[in-house]
Amino acid sequence: MFKDRKMYVNGRLVPWEKATVHLMSHSFCRGSGIFEVMRLHTTEKGRAVFRLDAHLARLKRTAFLLGMDLPMDDDGFTDAIFQTIRANEVENGYIKLICYYGEVAMHVMPNQEKMDTCIAVVNPEADMEEEKAAGDVPLSIALCKTRKLHPETIPVEAKAAANYLNGMLSRIEAAQKGADVGIMLDTQGFLTEGSTESIFIVKDGTLYTPAEGTVLKSISRKSVLELAPVLEIETVEKRLAPEILAEADEIFLSSTGGRVQPVGKVDSLVLPKSPGPVSKRLMEAFEAIYQDKDPRFTHWLFYVE
Ligand SMILES: Cc1ncc(COP(=O)(O)O)c(C=O)c1O
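A. View of the packing of helix α2 (residues 52-65) against helix α3 (residues 74-86). Running from amino to carboxyl end, α2 crosses α3 at an angle of 120°, the nearest separation of the two axes being 11 Å. Between α2 and α3, the interaxial angle falls into the category oblique. Between α2 and α3 lies a crossing whose hand is right-handed. Contacts between α2 and α3 involve Leu52, Leu56, Leu59 and Lys60 from the former and Asp74, Phe77, Thr78, Ile81 and Phe82 from the latter. A per-class count over the contact of α2 with α3 returns 6 nonpolar, 1 polar and 2 charged.

B. Molecular detail of the environment of Met283. On the secondary structure map, Met283 appears in helix α9 (residues 277-290). Classification of Met283 by relative accessible area gives partly exposed; the value is 23%. Linking Met283 and Val260, residues 23 residues apart in sequence, is a C-alpha distance of 5.8 Å. Every residue in contact with Met283, bar those within four places of it in the chain, is listed here: Val260, Pro262 and Pro275.

C. Inspection of the sheet that holds strand β2 (residues 12-15) at higher detail. Taken in spatial order, the 7 strands of this open sheet run β2-β1-β6-β5-β3-β4-β16, and their pairing is antiparallel. The outermost strands of the open sheet, each flanked by one partner alone, are β2 and β16 (301-303). Going from strand to strand, the sheet's axes swing by 30° on average, the running direction of each strand aside. Examined bridge by bridge, strand β1 (residues 6-9) and β2 share 4 bridges and lie antiparallel to one another. Residue pairing in the sheet places Val9 in a bridge with Arg12 of β2. Contacts between α3 and the sheet are confined to β1, β2, β3 (34-43), β4 (46-50), β5 (93-100), β6 (116-122) and β16, with β6 contributing the most and set at about 40° to the helix.

D. Local environment of the site of the ligand. As a matter of local geometry, the ligand sits amid 16 residues, with Tyr164, Glu193, Ser218, Ser220 and Thr256 nearest to it. In this structure, Tyr164 approaches the ligand through a side-chain N or O atom, which is 2.4 Å from an oxygen atom. In the environment of the ligand, an oxygen atom lies 2.7 Å from a nitrogen or oxygen atom belonging to the side chain of Thr256. For the ligand, whose free accessible area comes to 380 Å², the fraction covered by protein is 94%. For the shell around the ligand, the residue count by class is 3 nonpolar, 8 polar and 5 charged.

E. Main features of the domain arrangement of the protein chain. You can read the domains of the protein chain as domain 1 (2-125) and domain 2 (133-290). For domain 1 and domain 2, the distance between their C-alpha centroids amounts to 25 Å. Contacts between the two partners involve 21 residues from domain 1 and, on the opposite side, 21 residues from domain 2. Each partner contributes to the roughly 1800 Å² buried at the junction of domain 1 and domain 2, and carbon and sulfur atoms together form 63% of this total. Interface area lost by domain 1 to domain 2 is led by Phe35, Arg39 and Arg58, which between them contribute 32%.

F. Molecular detail of the pattern of salt bridges. Scanning the entire structure with this criterion turns up 19 salt bridges. Taking the shortest distance from any N to any O, the salt bridge between Arg51 and Glu226 comes out at 3.1 Å. Of this pair, Arg51 sits in the loop between β4 and α2 while Glu226 sits in helix α7 (residues 219-230); the two residues are 175 residues apart in sequence, bridging distant segments of the chain. Look at the salt bridges and you will find they share partners, linking Arg61, Glu157, Glu212, Lys217, Arg221 and Glu237 into a network.

What counts as what
Residues numbered from 1 in each chain as written. Predicted model: local features only at pLDDT ≥ 70, side-chain atom pairs only at ≥ 80, totals over all residues. Heavy atoms only, no water. Axes fitted to C-alpha atoms, helices over the stretch in contact; angles between N-to-C directions. Helix = DSSP H or I, 4+ residues; strand = E, 2+ residues; numbered from the N terminus. Parallel < 35°, antiparallel > 145°, perpendicular 65-115°, else oblique. Left-handed = near helix turned anticlockwise from the far one by under 90°. Contact = heavy atoms within 4.5 Å. Nonpolar A, V, L, I, M, F, W, Y, C, P; charged D, E, K, R; others polar. Buried < 20%, exposed > 50% of the residue type's maximum accessible area, 1.4 Å probe, protein only. Pairing = 2+ DSSP bridges. Near = heavy atom within 4 Å. Polar contact = N/O pair within 3.5 Å; in protein donor to acceptor, adjacent residues only side chain to side chain. Areas by Shrake-Rupley, 256 points an atom, 1.4 Å probe, with all protein chains shown as cover. Domains from an automatic or database assignment. Buried area = accessible area lost by both parts, 1.4 Å probe. Salt bridge = Lys/Arg side-chain N within 4 Å of Asp/Glu carboxyl O.

Right under this line is the structure:
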């Protein structure tokens, strides 16, 4: 339960309900928080964070793209993350790290140079009822009218809170259509991603996903693209017209929170065998990696204890 948790806030571990900011803070009013969500797994060797190095690299890239000054280096963030994990009895779930401007700011520029940092550890099944209910049922997706932000407006590869109104709108549309996830096109009509998940399409044994440029540089997407060739699955990253969804043998979404999630329905079109064989192989391969049962990928796990 969240109420039993401790959160890291600027160097201190505080009770969950004490992790607060002022309503007039810059990050609350202007959406200037930047963040990372990382997977936490318990293996036979203890608790480990999945691809911590890649997450910290993306955090630095986000800060750079938005002209923000992070308060710590990689070692500082690693130490803060591990402290937070040790202070909480969560075995599997995720870690959310946010860098934010917590001081009151009435104008568009923040009043502080260095950002604040908070870190939470979440066990989705224990903490969030709806995640328990979702289980492993294939997802339904719907193409939305909401377009993905154009990369020449806000950098879409920045993992920033302000970018997520876009995702929220697409999720509202999906819900109105009775679907779990809305898939956004870019402003030129090509496939991009869901509000918080990348999309993959399997066609004739090859795995397709939209190229970088209009999508988040997702760590799960990167991991799928690195793992697939090891499993002798060919991958193609390119601009994809939405028609490919109707021709797909399999579709799945990937994200840190959801891992690899098979799709069973696209608008009214049902994909009868979901998860299909390629999705299943990837799902099983990831589970083995998370449990540290695949020596080829041990370097993806960062042990806490
Ligand atoms: C827009 C978007 N795409 C993809 C993803 C998946 O990214 P990751 O694998 O790094 O969790 C997310 C995660 O929140 C996201 O917000």
